[in-house]
Amino acid sequence: MNRKQSSALMQRACRTIPGGVNSPVRAFKGVGGDPVFFDHADGPYLYDVDGNQYIDYIGSWGPMVLGHNHTPTIAAVQQQATKALGFGAPTEAEIELAETIVQRVPSMQQVRMVNSGTEATMSAIRLARGFTGRDLILKFTGCYHGHSDSLLVKAGSGVLTLGLPNSPGVPAELAARTLSLPFNNLDAVAQVFEQYPGEIACIIVEPVAGNMGCIPPKPGYLQGLRDIAHKDGALIIFDEVMTGFRVSPGGAQTLYDIEPDLTTLGKIVGGGLPVGAFGGREEIMQYIAPVGPIYQAGTLSGNPLAMAAGLSTLRHLTTDAYQAIGAATDALVDGLVARAASAGLQVCENRVCGMFSLFFGIDEAAEYDDVAGSNIDQFNAFFHAMLDQGVYLAPSAFEAGFISATHTSEVIQTTLDAAEVAFSKLIAT
Ligand SMILES: *Cc1c(COP(=O)(O)O)cnc(C)c1O
């Protein structure tokens, strides 16, 4: 597959943009080679600047859950664009999106819009600290909650892809207030609460981890976290920036039937435009300015174009859409595992409606150390073999794959045919 234009653009980009990209994972540092520069997209397909077509398993890291170029969403954005791009003043669309979120996610009685997942988690942490009057926070190794200072401790996603345990530039005093424990291990959590009684403001967790590959919670894990937190007067925050409106109509919390105190959203809630949101119990949300003392603001927050895209996306995410996405996920993952097994490769998988990961060389992936012990070289070879056959997977063994409502059985079959070829190449090398 010829990608000359992409390579030329990467060289040009590196002169004026650090590393050529505006977010690190895009640079292909984890898998090697030059990133692909895209021109347009439709349904499950991406088209690069050299005219190559790919089946997309990233979906803009989640938002394109209805497929690219979703006609009603494009129309809604276009219609808003003819009226105004923004006011920096209230609009009805903000209420409509807030009402839609509150209706789908019952634990969110009130919600505040922001512009990214990073802003949502950063603000939710500030709120949890302000509400409880405590400074410590507890997160899990390999979970990613955006790039704000307090949350860049043992983080997932691009931080893992680049092999950076912690980032320079985060003051040690601040990092010391973030405790990090292995995911899916309740004993460790109970111990840390015994060690710091009355000092931990909140637990923040991805209810299905998606930034060290896809790792679902063990049965009872999320309930256990909530119980331990509440016993000590701490809050629990579900970071559903990835899982929100992906794994079920109300996110992971309705799928597993656990109500967190606060929830953060991003990705799908903006329908492809930059939106994040955080919300929760009214009693807690009333601490936010202008009603309460905890400051949080944003010039472009609730931007009308972004609200239009988010609202249209949520309106079209019907029960039928989730069924189709879940069935496509099962067909893909079952097919991948079967083909890997016939090729004699050791793999294991995790999946939760619309999210999946295939891990090479391990039996189980339940926490970060498992994924770190998987065969990353084999993943990277698989990634390139798929890319060269027109299948665009996330360019890192530490990222999940995403499926849209436009990934038909034909699209899945084409992917599986490519995987069969890719697996046979891995065996040959
Ligand atoms: C993507 C992601 C974030 C960060 O969102 P941005 O919009 O990239 O700032 C935070 N938490 C989780 C779980 C995510 O997947």
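Refer to the structure above for everything that follows.
Along each chain, the written sequence defines residue order, and numbers are assigned to residues from 1. For this predicted model, a pLDDT threshold of at least 70 governs which residues receive local features, and a threshold of 80 or more governs which side-chain atom pairs are given and counted, while totals over whole chains, interfaces and linings are taken from all residues. Excluded from the side-chain calculations are hydrogens and water; all other atoms, namely the structure's heavy atoms, are used.

Caption draft 1: Region of interest: the environment of P304. In this description a helix means any DSSP run of H or I spanning at least four residues, a strand means any run of E spanning at least two, and both kinds are numbered starting from the N terminus. Counting through the fold element by element, P304 comes out in helix α11 (residues 304–316). Separated by 236 residues in the primary sequence, P304 and H68 place their C-alpha atoms 20 Å from one another.

Caption draft 2: Just the site of the ligand, in detail. The cutoff for a nearby residue is simple: one of its non-hydrogen atoms must lie within 4 Å of the molecule or strand. In the region of the ligand, the neighbouring residues are S116, G117, T118, Y144, H145, G146, E206, N211, D239, V241, M242 and K267. Polar contacts, as used here, are pairs of N or O atoms within 3.5 Å; protein pairs need one atom able to donate a hydrogen and one able to accept it. Residues neighboring in sequence count only if both atoms are side-chain atoms. Within the contact set of the ligand, an oxygen atom lies 3.1 Å away from a side-chain nitrogen or oxygen of N211. Side-chain polar atom of D239 to a nitrogen atom of the ligand: 2.6 Å apart, as the coordinates give it. Bound to the protein, the ligand loses 83% of the 380 Å² it would expose on its own. Any residue that is not Ala, Val, Leu, Ile, Met, Phe, Trp, Tyr, Cys, Pro, Asp, Glu, Lys or Arg is counted as polar, Gly included; the first ten are nonpolar and the last four charged. Taken together, the residues that form the shell around the ligand break down as 3 nonpolar, 6 polar and 3 charged. Residue-level accessible areas treat just the shown protein chains as cover; the underlying method is Shrake-Rupley with a 1.4 Å probe.

Caption draft 3: Region of interest: the packing of aromatic side chains. Stacked, tilted and edge-to-face are the three classes applied to pairs of Phe, Tyr and Trp rings, where Trp contributes its six-membered ring and a pair requires centres within 6.5 Å; stacked means planes under 30 degrees apart, edge-to-face means over 60, and tilted covers the rest. By the definition in use, this model includes 13 aromatic pairs. Judged by centre distance (5.0 Å) and plane angle (80°), the ring pair of F38 and Y392 falls under edge-to-face. Here Y392 lies in strand β13 (residues 391–392) and F38 lies in strand β1 (residues 38–42), a separation of 354 residues in the sequence. A relative accessible area of 31% means that F38 is categorised as partly exposed. Ring-pair connections join several aromatic residues into one group, and the members of that group are F38, Y54 and Y392. Summary of the burial criterion: residues with accessible area below 20% of their type's maximum are buried, those above 50% are exposed, and those between are partly exposed, where the area comes from a 1.4 Å probe applied to protein chains only.

Caption draft 4: A look at the packing of helix α7 (residues 186–195) against helix α8 (residues 221–231). In contact at an axis separation of 10 Å, α7 and α8 are set at 5° when each is read in the N-to-C sense. Here α7 is positioned roughly parallel relative to α8, judged by the angle of their axes. Across the interface between the two elements, L186, V189, A190 and F193 from α7 touch Y221, G224, L225, I228 and A229 from α8. Helix axes use the C-alpha atoms of the stretch in contact, all axes being lines fitted to C-alpha atoms, and the angles between their N-to-C directions lie in the range 0 to 180 degrees. Any angle that is under 35 degrees is reported as roughly parallel, and any over 145 degrees as roughly antiparallel; angles of 65 to 115 degrees are reported as roughly perpendicular and all others as oblique. Only heavy atoms enter the contact rule, under which two residues are in contact if any of them lie within 4.5 Å.

Caption draft 5: Focus on α8. Within the sequence span of α8, burial applies to Y221, L222, G224, L225, I228 and A229. Looking straight down α8, one finds its buried side chains confined to an arc of 160°; they lie on one side. On the buried face of α8, the contacting elements are β5 (136–140), α7, β7 (200–205), β8 (235–239) and α9 (252–256). Looking one or two places after α8, you find G233, whose phi comes out positive at around 80°. Here, the arc refers to the directions that run from the helix axis to the C-beta atoms.

Caption draft 6: Broad picture of the pairing of strand β2 (residues 45–48). The criterion for strand pairing is that DSSP finds at least two bridges linking the strands in question. Pairing of β1 with β2, which is carried by 4 bridges, proceeds in the antiparallel orientation. Within β2, the residue paired with H40 across the bridge is Y47. Pairing between β2 and strand β3 (residues 53–56): 3 bridges, direction antiparallel. The partner of Y45 across the bridge, within β3, is I55. What sits between the antiparallel neighbours β2 and β3 is a turn of 4 residues, in which G51 has the positive phi angle 90°.

Caption draft 7: Focus on unusual backbone geometry. Between A289 and P290 the backbone carries a cis peptide bond, its omega angle lying at 10°. Here P290 shows up in the loop between α10 (282–285) and α11. The backbone phi angle of N69 is positive, close to 60°, even though this residue is not glycine. Even without being glycine, F245 reaches a positive phi, approximately 65°. Inspection of the secondary structure assignment puts F245 in the loop between β8 and α9. Note on F245: relative accessible area 1%, which makes it buried.

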